[in-house]
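So you can see what is in the structure, the chains are spelled out below.
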Amino acid sequence: MILEGKKVVIMGIRNKWSIAWGAAKSAYEQGAQVIFTHNAAESEDKVQALISEIPGSKSYPCDAGSDESIRKCLESIKKDFGKVDGILHSIAHAFTDDLRNDFINTSREGYAHACDISAYSFVATARIAKELDMLNEGASFVTFTYFGSEKVMEGYNVMGVAKAALETSIKYMAKDLGKEGYRVNAVSAGPIKTLSAKGIKDFGSILDVVEQRAPLHANVTTKQVGDVTAFLFSNLASAVTGEVIHADNGFNVTGI
Ligand code: NAP
């Protein structure tokens, strides 16, 4: 088990379809103690019922749009569990109108909101975790991104811009946090039917195209993405930082 003795924080659990849930299951199967955070606006009871499937886990409310909320959440985790070895950021949000309309119509507010929640919150989380001195030696930060940052994907719009900001942020974060020996990486997941994905127009046709054209002719599962995340949390990835690893059955390499 590659995560034996490690403690990892999984931020962004919503329901059993969440990629965060796949990541939690992989981490647990690999021996990690799993700690969750959920959107402060979410029903506490629903989240607690879900995570009870993972023995010893606990979830803490966290609003990714507030440094104060992130700090409070991480402080509580440190108080209850001590230092941790990994933090997964599995959080994104854009206004529905900005995903339904042409990208050119994105409002100033919508552009800032998508980048704030989906990209800046990862930077804030890593900085606050470091300030709180809650990271064990060799700690690893992971976030989730999507191919819509690299190429135009119908309906992904401002979220593609936010993911591009996220992917560039990890490079600068890797440089800064590398001084302490911490690593920062992203997993670029293939499309998966989750609650967030429902906001994207014609998402079903994206799944069909991936199945037809990806070298492995299938869509990925949350567990497959979780397994790559577990690898990045583990000592097996001790030389990997500032990287975006595609877990997309190879779709990103496909041309004509
Ligand atoms: P999901 O289950 O809906 O997870 C998204 C999470 O972000 C939810 O728990 C959501 O909570 C949380 N969130 C949104 N705004 C927040 C805020 N202000 N504060 C705290 N939490 C907030 O969907 P998912 O597809 O698993 O998404 C997880 C990550 O994977 C996202 O970064 C997404 O962009 C990325 N990703 C998804 C796909 C895909 O096809 N599904 C592909 C590649 C990458 P609420 O629902 O309660 O707001």
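The structure under discussion appears in the preceding block.
Residues numbered from 1 in each chain as written. Predicted model: local features only at pLDDT ≥ 70, side-chain atom pairs only at ≥ 80, totals over all residues. Heavy atoms only, no water.

Enquirer: Pulling in residues and values, what's your account of the packing of helix H5 (residues 108-131) against helix H6 (residues 157-178)?
Expert: Remark: H5 packs on H6, axes separated minimally by 8 Å, with the N-to-C direction vectors making an angle of 20°. With respect to H6, the element H5 is oriented roughly parallel. Classified by chirality, the crossing of H6 by H5 is right-handed. Contacts between H5 and H6 pair Gly110, Tyr111, Ala114, Cys115, Ser118, Ala119, Phe122, Val123, Ala126 and Lys130 from the former with Val158, Met159, Val161, Ala162, Ala165, Leu166, Ser169, Ile170, Met173 and Leu177 from the latter. Looking at the contact of H5 with H6 residue by residue, the classes come out as 16 nonpolar, 3 polar and 1 charged. (Axes fitted to C-alpha atoms, helices over the stretch in contact; angles between N-to-C directions. Helix = DSSP H or I, 4+ residues; strand = E, 2+ residues; numbered from the N terminus. Parallel < 35°, antiparallel > 145°, perpendicular 65-115°, else oblique. Left-handed = near helix turned anticlockwise from the far one by under 90°. Contact = heavy atoms within 4.5 Å. Nonpolar A, V, L, I, M, F, W, Y, C, P; charged D, E, K, R; others polar.)

Enquirer: Could you give me a rundown of the environment of Met134, with the residues and numbers involved?
Expert: Position of Met134 among the secondary structure elements: in the loop between H5 and strand E5 (135-145). Through-space distance from the C-alpha of Met134 to that of Val253 is 38 Å; in sequence the pair is 119 residues apart. Every residue in contact with Met134, bar those within four places of it in the chain, is listed here: Leu74, Ile77, Lys78, Lys83, Val84 and Ala129.

Enquirer: Please give an account of the nonpolar core that cites residues and values.
Expert: Counting residues in hydrophobic clusters, the biggest one holds 34 residues, and the most contacted among them are Leu74, Ile77, Val84, Ile87, Leu135, Phe141 and Val184. By residue number, the principal contributor to this core is H5, which donates 7 residues. Not counting residues within four places of it along the chain, the set of residues in contact with Ile77 comprises Val9, Ile35, Thr37, Tyr60, Gly82, Val84 and Met134. (Core = buried A, V, L, I, M, F, W, Y, C linked by side-chain atoms within 4.5 Å. Buried < 20%, exposed > 50% of the residue type's maximum accessible area, 1.4 Å probe, protein only.)

Enquirer: Summarise the site of the ligand; cite the residues concerned and give the values.
Expert: Near the ligand lie 28 residues; those nearest to it are Arg14, Ser18, Glu42, Thr194 and Ser196. Arg14 places a side-chain nitrogen or oxygen 2.5 Å from an oxygen atom of the ligand. For the ligand, a nitrogen atom lies 2.8 Å from a polar atom in the backbone of Ala64. (Near = heavy atom within 4 Å. Polar contact = N/O pair within 3.5 Å; in protein donor to acceptor, adjacent residues only side chain to side chain.)

Enquirer: Go over empty space enclosed by the protein with me, naming the residues and quoting the values.
Expert: Under the definition given, this model contains 1 cavity of 30 Å³ or more. Approximately 40 Å³ is the volume attributed to the largest cavity. If you go around the largest cavity, the residues you meet are Tyr146, Phe147, Met153, Ala189, Gly190, Pro191, Val210, Asp248 and Phe251. Tallied by class, residues from the lining of the largest cavity come to 7 nonpolar, 1 polar and 1 charged. (1 Å grid on protein atoms, 1.4 Å probe; cavity = no way out; pocket = protein on both sides within 12 Å on 5 of 7 lines; lining within 4 Å. Points joined across faces, edges and corners; volume = space filled by probe spheres on them.)

Enquirer: Talk me through the side chain of Thr222; I want residue IDs and the actual numbers.
Expert: Among the structural elements, Thr222 can be located in helix H8 (residues 222-233). Classification of Thr222 as buried rests on a relative accessible area of 17%. Discounting chain neighbours no more than four positions away, the residues touching Thr222 are Trp17, Ser18, Ile19, Gly22, Ala23 and Ile192.

Enquirer: Any chance you could break down helix H7 (residues 203-213) for me, citing the residues and the numbers?
Expert: Within the sequence span of H7, burial applies to Phe203, Ile206, Leu207 and Val210. An end-on view of H7 places all buried positions within 100° of arc, on one side of the element. (Arc of directions from axis to C-beta.)

Enquirer: I'd love a proper account of the layout of surface pockets, names of residues and values included.
Expert: Size it by volume and the largest pocket reaches roughly 1,200 Å³. Lining the largest pocket are 42 residues; nearest its centre among them are Ile91, Ala92, His93, Leu195 and Ser196. Ranked by residue count, the leading element in the lining of the largest pocket is strand E2 (residues 33-39), at 3 residues. Partitioned by chemical class, the residues of the lining of the largest pocket number 22 nonpolar, 15 polar and 5 charged. Lining of the second largest pocket is provided by 16 residues; of these, Phe103, Val152, Met153, Tyr156 and Asn157 occupy positions nearest its centre. At 3 residues, H6 tops the list of elements feeding residues into the lining of the second largest pocket. For the lining of the second largest pocket, a count of residues per class yields 6 nonpolar, 6 polar and 4 charged.

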